[in-house]
Amino acid sequence: MPAKLIDGKAVAAQLRASLAPRVARLAARGVRPALAAVLVGDDPASQLYVRNKVRACADTGVRSEVHAFPADAGATALADRIERLNADERVHGIIVQLPLPPALDAARLLASISPAKDVDGFHAQNLGALLQGRPRFVPGTPAGVLRLIEHAGVPIAGRRAVVIGRSTIVGKPTALLLLQRDATVTLCHSKTPDLAPLAREADILVVAAGRAKLVGRAMVKPGACVIDVGINRAADGKVVGDVDFDAVREVAGWLTPVPGGVGPMTVAMLIANTVEAAERTLD
Ligand code: GUN
């Protein structure tokens with residue numbers, strides 16, 4: 001039997017709908033949640049991601065502002081803008097769309113965002129809180145991955161989870177979230193020798209390596225839950241994940257499609273964090 005597909009678009013729409021009463025409660029208290037997105041340069045993918053975020057904000061009643069800078073923007077101009085946004089009471093969440101042009105020090109800029117407005121969850125204070133097992137703002141993609149696994153009804157506690165990819169914004173936090181749910185977690189990466197037998201042990205396999213078709217049928221345990229975080233452009237222009245969809249569908253128990261799996265969840269989680277940031281200003 002082919003894998004059940006986990007519909008990220010539908011789960012994200014459900015999540016966004018569940019935010020409506022919270023946005024209404026905030027409105028009743030005179031607060032309109034707002035997200036500020038800082039976009040540097042003219043990378044088409046980054047522009048598309050920011051447009052998607054702006055649209056999702058509008059759908060959810062969240063105000064958004066885009067702060068666009070040219071690719072040669074200086075670190076001081078960007079730091080000044082972040083400082084202004086940190087101080088602006090009408091702004092509850094701030095994100096800097098990544099990647100930044102190589103001349104800029106991304107870590108330094110992210111560190112200048114107030115942790116209370118860091119709705120991407122990339123600030124060391126928020127990542128540290130996650131490491132300590134008392135998460136505040138969790139990065140959207142890992143949070144979305146966990147939601148999809150839960151939505152599918154896949155048990156996590158006591159199961160073997162393998163995460164392929166060790167980025168700070170996806171792989172590492174995903175491994176921590178799975179560990180918090182009592183999975184036994186293996187974190188693999190580009191220097192892991194002999195990936196296939198490790199991947200095949202996974203009841204839950206999360207692939208965030210950025211390589212099209214990295215995971216084929218032989219790397220998947222029959223019945224496993226496979227979450228594909230990859231977004232790659234195939235030779236024919238199509239967007240494909242890191243998993244060989246047609247082959248793995250034949251063996252996995254659950255599988256997320258690309259597009260329409262993890263991607264919409266990332267955005268929905270960001271909006272949820274923005275609403276939460278606004279709620280916290282009233283605590
Ligand atoms: N670039 C790739 N993923 C993300 C994300 O989740 N947030 C931001 N700000 N940039 C990204």
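Before reading further, recall that the structure is shown in the block above.
Calculation rules
- The numbers attached to residues start from 1 for each chain and follow its sequence in the written order.
- Local features are withheld for residues below a pLDDT of 70 in this predicted model, meaning they are given only at 70 or higher, and side-chain atom pairs are given and counted only at 80 or more; totals for whole chains, interfaces and linings count all residues.
- Side-chain numbers here rest on the full set of heavy atoms in the structure, without hydrogens or water.
- By the criteria applied, helices consist of DSSP H or I runs no shorter than four residues and strands consist of E runs no shorter than two, each listed in order from the N terminus.
- As defined in this context, the radius of gyration uses C-alpha atoms, and a globule is described by 2.2 Å times the residue total to the power 0.38.
- Contacts were defined at the residue level, with two residues in contact if any of their heavy atoms lie within 4.5 Å.
- When a carboxyl oxygen of Asp or Glu is within 4 Å of a side-chain nitrogen of Lys or Arg, the pair counts as a salt bridge.
- Throughout this description, buried means an accessible area under 20% of the type-specific maximum (1.4 Å probe, protein chains only), exposed means over 50%, and partly exposed covers the range between.
- The criterion for a residue being near a molecule or strand is simple. One of its heavy atoms has to lie within 4 Å of it.
- Polar contacts, as used here, are pairs of N or O atoms within 3.5 Å; protein pairs need one atom able to donate a hydrogen and one able to accept it. Residues neighboring in sequence count only if both atoms are side-chain atoms.
- Where accessible areas are quoted, they stem from the Shrake-Rupley method and a 1.4 Å probe; at the residue level, only the protein chains shown are allowed to cover.
- A strand pair is defined by DSSP finding two or more bridges across the two strands.
- With axes taken as lines fitted to C-alpha atoms, and helix axes fitted only over the stretch in contact, angles between N-to-C directions fall between 0 and 180 degrees.

Attention now goes to the overall build of the protein chain. Summing up its helical and strand segments, the protein chain has ten helices and eleven strands in all. A globule of 283 residues ought to have a C-alpha radius of gyration of about 19 Å, and the protein chain, at 19 Å, matches this closely. Dimensions of the protein chain, computed from C-alpha atoms along their principal axes, come out at roughly 50 × 40 × 35 Å. Counting only contacts in the protein chain whose residues sit at least 6 apart along the sequence, the fraction spanning at least 24 positions is 69%.

Quick look at the pattern of salt bridges now. Following the criterion strictly, the structure yields seven salt bridges and no others. E201 is the partner of R160 in a salt bridge, and the nearest nitrogen-oxygen pair spans 2.8 Å. Of the two residues, R160 sits in strand β5 (residues 160-164) while E201 sits in the loop between α8 (195-199) and β7 (204-207), which places them 41 residues apart along the sequence. Look at E201 and you get partly exposed, because its relative accessible area is 35%. Between D203 and K221 there is a salt bridge, and its shortest N-O distance comes to 2.9 Å. Of this pair, D203 sits in the loop between α8 and β7 while K221 sits in the loop between β7 and β8 (225-228); the two residues are 18 residues apart in sequence, bridging distant segments of the chain. For D203, a relative accessible area of 19% translates into the label buried. On the basis of relative accessible area, K221 is assigned to the partly exposed category, the value being 30%.

Taken together, the residues surrounding the ligand are K53, V96, Q97, L98, D120, F122 and I169. Here a nitrogen atom of the ligand and a side-chain polar atom of Q97 are 3.3 Å apart. The backbone of L98 places a nitrogen or oxygen atom 3.0 Å from a nitrogen atom of the ligand. For the ligand, whose free accessible area comes to 280 Å², the fraction covered by protein is 82%.

Turning next to the sheet that holds strand β3 (residues 63-69). If you walk across this open sheet you meet the three strands as β3-β2-β4, and the pairing is parallel. Single-partner strands in this sheet number two, and they are β3 and β4 (93-96). Pairs of neighbouring strands in the sheet enclose a mean axial angle of 15°, with direction left out of account. Sheet topology note: the strand β2 (residues 34-40)/β3 ladder contains seven bridges and is parallel. What sits directly across from L39, in β3, is A68. Here helix α3 (residues 75-87) sits on the sheet and contacts β2, β3 and β4; the angle it forms with β3, its principal contact strand, is near 165°.

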